[in-house]
Amino acid sequence: MAALLEVKGLTTQFFTQDGVVHAVNGISYHLNEGETIAIVGESGSGKSVGVMSLLRLIPQPPGKIVAGEVWFQGRDLMQISDDEIRQIRGKHIAMIFQDPMTSLNPVLTIGFQLMEPLQLHLGMDKNQARKRAIELLEMVGIPGAATRLDAYPHQFSGGMRQRVMIAMGLACNPQVLIADEPTTALDVTIQAQIVELVKSLKEQIGMAIIWITHDLGVVAGLAERVLVMYAGQIVEEAEVHELYSDPHHPYTIGLLRSVPRLDMGKSKRLIPIEGLPPDLIDYPKGCPFAPRCEYRTEKCEQEDPPIEQISPTRRVACWHWETVVADIREKGGVYA
Amino acid sequence: MLQFVIRRIIWTIPVLFLVTFFTFALVRAIPGGPFDFAGDKSLPPTVVKNLEAKYHLNDPLWQQFCSYLIGDAVCRPGKQNGVASKGVLLGDLGPSFRYRGRTVNDIIATALPISAQLGFMAVMLGMLIGIPAGIIAALKHNTPIDYTATFIAVLGVSISNVVLGPFLIWIFALKLGWFPVATWAAEPLFSNIAEKYIAAGEQVPMWVNLIPKPTKEFFMHAVLPVVTLGTALSASLARLTRGSLLQVIREDYIRTARAKGLRERAVIVTHALKNSLIPVVTILGPMFAGVLTGTFVVEQIFAIPGLGRHFVTSVGNRDYPVVLGTTLVYAVAIVIANMLVDITYAWLDPRVRLE
Ligand SMILES: Nc1ncnc2c1ncn2[C@@H]1O[C@H](COP(=O)(O)OP(=O)(O)OP(=O)(O)O)[C@@H](O)[C@H]1O
Ligand code: SF4
Ligand SMILES: [Mg+2]
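Residues numbered from 1 in each chain as written. Chains lettered and ligands numbered in written order. Predicted model: local features only at pLDDT ≥ 70, side-chain atom pairs only at ≥ 80, totals over all residues. Heavy atoms only, no water.

## Some points on the overall build of chain B
Thinking step 1. Helices and strands together make up the secondary structure of chain B, namely 16 helices and two strands.
Thinking step 2. For chain B, the spread of C-alpha atoms along the three principal axes comes to 80 × 55 × 45 Å.
Thinking step 3. Per-residue burial for chain B yields a buried fraction of 43% across its 355 residues.
Thinking step 4. Sequence-distant contacts, at least 24 apart, represent 70% of the contacts inside chain B between residues at least 6 apart.
Thinking step 5. Charged side chains of chain B number 30 positive and 20 negative; the gap between the two group centres comes to 6 Å. (Helix = DSSP H or I, 4+ residues; strand = E, 2+ residues; numbered from the N terminus. Buried < 20%, exposed > 50% of the residue type's maximum accessible area, 1.4 Å probe, protein only. Contact = heavy atoms within 4.5 Å. Lys, Arg positive; Asp, Glu negative; His and termini not counted. Charge placed at Lys NZ, Arg CZ, Asp CG, Glu CD.)

## Considering the layout of surface pockets
Thinking step 1. Of the voids in this model, the largest pocket is the one considered here, and its volume is about 1,400 Å³.
Thinking step 2. Lining the largest pocket are 38 residues, and of these I58, P59, Q60 and P61 of chain A together with R258 of chain B lie nearest its centre.
Thinking step 3. Put simply, the parts of the chain that give the lining of the largest pocket at least two residues each are strand 1 (5–16), helix 1 (47–54) and helix 2 (82–88) of chain A together with helix 5 (104–139), helix 10 (216–249), helix 11 (252–259) and helix 12 (264–292) of chain B.
Thinking step 4. Residues of the lining of the largest pocket, tallied by class, amount to 18 nonpolar, six polar and 14 charged.
Thinking step 5. Computed from the structure, the second largest pocket encloses a volume of approximately 560 Å³.
Thinking step 6. Ranked by residue count, the leading element in the lining of the second largest pocket is helix 5 of chain B, at nine residues. (1 Å grid on protein atoms, 1.4 Å probe; cavity = no way out; pocket = protein on both sides within 12 Å on 5 of 7 lines; lining within 4 Å. Points joined across faces, edges and corners; volume = space filled by probe spheres on them. Nonpolar A, V, L, I, M, F, W, Y, C, P; charged D, E, K, R; others polar.)

## Some words on the side chain of H248 of chain A
All names here are of chain A.
Thinking step 1. The residue H248 is located in the loop between helix 10 (240–245) and helix 11 (250–257) in this model.
Thinking step 2. In terms of polar contacts, H248 uses its side chain to reach the backbone carbonyl oxygen of D246, at 2.9 Å.
Thinking step 3. Ignoring any residue separated from it by four or fewer positions in sequence, one finds H248 in contact with E236, I310, R314, V316, W321, V324 and V325. (Polar contact = N/O pair within 3.5 Å; in protein donor to acceptor, adjacent residues only side chain to side chain.)

## Let's talk about the packing of aromatic side chains
Each aromatic ring pair is specified by the distance between its two centres and by the angle formed by the two planes.
All names here are of chain B.
Thinking step 1. Enumeration over the complete set of coordinates arrives at 17 aromatic pairs over all chains.
Thinking step 2. Pairing F17 with F65 gives two aromatic rings, centres 6.1 Å apart and planes at 65 degrees, and the pair type is edge-to-face. Linking F17 in helix 1 (residues 2–29) with F65 in helix 3 (residues 61–70), this pair joins segments that are 48 residues apart in sequence.
Thinking step 3. Note on F65: relative accessible area 11%, which makes it buried.
Thinking step 4. The interplanar angle of 75 degrees and the centroid separation of 5.5 Å between the aromatic rings of F21 and F22 together place this pair among those described as edge-to-face.
Thinking step 5. Overall, F21 belongs to the partly exposed group, its relative accessible area being 37%.
Thinking step 6. A connected cluster of aromatic rings, assembled from ring pairs, spans F17, F21, F22, F24, F65 and Y68. (Phe/Tyr/Trp six-rings, centres within 6.5 Å; stacked < 30°, edge-to-face > 60°.)

## Some thoughts on empty space enclosed by the protein
All names here are of chain B.
Thinking step 1. In the structure shown here, the tally under the stated rule is three cavities of 30 Å³ or more.
Thinking step 2. In this model, the largest cavity occupies a volume close to 250 Å³.
Thinking step 3. Of all the secondary-structure elements, those providing two or more residues to the lining of the largest cavity are helix 1, helix 3 and helix 15 (320–348).
Thinking step 4. Its residues placed into classes, the lining of the largest cavity shows 11 nonpolar, five polar and three charged.
Thinking step 5. Counted as a void, the second largest cavity has a volume near 90 Å³.

## Structural notes on the packing of helix 5 of chain B against helix 10 of chain B
Thinking step 1. Where helix 5 of chain B meets helix 10 of chain B, the axes come as close as 5 Å, and the angle between the chain directions of the two elements is 35 degrees. The interaxial crossing formed by helix 5 of chain B with helix 10 of chain B has right-handed handedness. (Axes fitted to C-alpha atoms, helices over the stretch in contact; angles between N-to-C directions. Left-handed = near helix turned anticlockwise from the far one by under 90°.)

## A closer look at the interface of chain B and chain A
Thinking step 1. Opposite the 22 residues of chain B that make contact, chain A presents 27 residues.
Thinking step 2. In total, chain B and chain A occlude about 2,200 Å² of area from one another, counting both sides; carbon and sulfur atoms represent 59% of this.
Thinking step 3. It is R255, A259 and K260 of chain B in chain B that bury the most area against chain A; as a group they hold 27% of the surface buried on that side.
Thinking step 4. In this structure, the connection of chain B to chain A is made through two salt bridges.
Thinking step 5. With a shortest N-O distance of 2.6 Å, K260 of chain B and E116 of chain A are connected by a salt bridge.
Thinking step 6. Linking chain B with chain A are 11 residue pairs in polar contact (both at pLDDT 80 or more), by the criterion used here.
Thinking step 7. For the side of chain B that touches chain A, a count of residues per class yields seven nonpolar, five polar and 10 charged. (Buried area = accessible area lost by both parts, 1.4 Å probe. Salt bridge = Lys/Arg side-chain N within 4 Å of Asp/Glu carboxyl O.)

Okay, structure coming up:
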């Protein structure tokens with residue numbers, strides 16, 4: 001079966017006064033129908049720019065998608081006209097964002113904003129859209145939905161606003177929902193509620209999800225497959241359980257060590273990854289992780305490792321992944 | 001909403017009182033008196049004495065202030081010789097010291113409508129040109145259109161009325177002869193009402209003077225001063241609108257609107273404009289108040305008998321009641337303008353509405 005979404009060599013740069021920011025550097029991946037994948041990585045690793053490029057939503061200028069293809073329903077989204085991509089946005093591929101406090105328009109009612117995509121893409125009239133908007137709010141668990149349509153965003157809490165964003169994203173039953181760190185700005189308990197909500201909605205609607213987070217903890221219960229991004233590249237791809245139990249890339253290992261896990265004893269301390277990600281304007285010649293990597297060699301500093309398919313479900317971009325894997329196994333795991 | 005308005009009105013009472021009090025105190029602190037000169041000559045001391053007595057200038061200051069506020073009947077019982085005043089609270093702003101025989105009420109009723117007509121047209125022109133220009137510049141951000149608009153706006157803000165006014169007169173009135181050189185030519189629209197008052201020897205009420213008859217004469221005279229005054233206004237409105245819209249366009253909710261698949265026009269019109277006009281409205285209030293109550297420079301250049309000239313010359317003349325009266329008009333205008341701004345604000349921004 002062909003993938004629902006197929007991304008090939010996507011490259012996005014920002015042409016700023018200080019120089020060219022290499023935000024996304026030739027990433028390739030696919031998303032199957034009804035599947036959930038997660039994209040993880042530190043702040044600034046290009047997760048948001050990567051997915052916004054899919055819908056050509058990056059600010060242009062200064063941004064520019066300089067290369068790549070994004071195949072969806074037999075068309076390359078990078079090549080179709082502006083009108084055609086607008087037909088895709090919100091209807092077939094919807095997006096929700098990190099900060100629900102700023103992602104809703106403060107001067108328009110919740111109802112108006114919710115009805116907009118319904119009227120635009122499904123050709124509903126005001127009454128139909130209103131009815132459907134109430135259903136949507138009920139679906140995302142907002143109490144008293146009918147009376148809340150005329151409320152403004154500032155009358156909602158952060159968690160409620162994110163529910164509204166989700167309702168808006170799912171309004172037209174999209175095939176793909178892109179969630180860009182939808183829980184980062186929320187309290188821990190609310191985070192869990194939102195994750196549960198998305199999971200149950202997925203069972204009802206069956207859309208595929210790209211879930212972005214820098215928190216590996218959230219990923220486990222949600223996604224089937226994980227892409228790890230570093231400095232605008234995908235450095236590792238694996239099924240969730242594989243990634244946790246047997247990470248191959250030194251950066252993934254660092255990431256796992258730096259997040260708390262429920263099954264981790266209290267005695268284990270979190271170890272943040274030392275050093276900083278590379279300057280995306282003055283992009284390094286070799287492996288971008290080399291300055292922070294305990295396994296680096298001469299070769300790493302000279303040549304950037306390409307991403308390599310090492311099993312049907314796994315890819316990794318590291319010259320020495322076999323050494324790394326052997327070393328971790330010998331030590332008895334990531335946390336040893 | 002009504003409660004909000006009432007609360008605002010109540011608040012203005014202490015504000016206006018303080019404005020009156022400080023103006024009263026400050027104007028008395030100016031060295032010299034109102035009767036030092038008549039034209040170029042100085043008056044004989046006996047005449048000055050008589051005049052000062054007539055206007056009660058030798059009474060204690062607190063008594064003068066009291067009469068100014070609530071009238072001679074209360075504050076100067078039994079001493080009602082000279083010129084009696086009913087007090088500001090009853091709408092009597094007193095006599096002018098300089099223009100003998102005219103009251104401050106007369107002066108304002110004649111001059112304020114002229115300034116208001118000029119100012120209103122200038123602000124309208126400023127809005128009609130400035131806001132759309134700012135929007136276009138923002139939408140064409142960093143293109144030649146934006147650069148041109150921004151350049152003109154900077155020019156418009158920095159060029160002084162003192163330069164622009166005479167320049168326009170020189171080209172369009174003297175060289176080309178398209179427009180009259182100076183003066184104002186407003187006739188009341190309700191001329192029959194005005195004539196009735198004039199026939200009775202009474203002051204024509206302000207509202208009658210305020211509404212001009214839309215004659216060609218009126219507009220021809222208005223073009224140059226309105227353009228002079230409106231240029232700077234439209235330039236600053238354009239800059240503000242552009243900056244504000246550019247900021248709004250970067251907001252997250254604009255990205256959300258685009259992600260829904262809305263057309264760029266819908267994104268701008270429904271999602272960006274209303275938000276971006278909020279700061280513009282804030283500046284419109286003081287702008288209106290400042291310009292409606294008279295602008296000294298433009299009125300001087302075009303020999304327009306508006307309130308701005310009285311405002312400035314009365315200080316030099318130490319014409320205390322005129323200074324106080326014009327200041328009060330200005331204060332009231334500011335208060336009203338700001339109230340209208342707050343109401344517009346509440347209409348634009350639901351977060352304000354509910355407080
Ligand atoms: N408008 C822009 N102009 C210039 N550079 C930009 C712009 N938007 C993003 N970038 C740069 O692109 C790089 C990738 O940013 P991106 O927002 O994709 O990171 P991210 O992985 O989503 O991080 P976070 O976890 O903080 O959301 C960053 O270095 C950022 O500075
Ligand atoms: S290529 Fe070298 S530097 Fe890069 S992650 Fe692998 S071992 Fe480390
Ligand atoms: Mg991001």
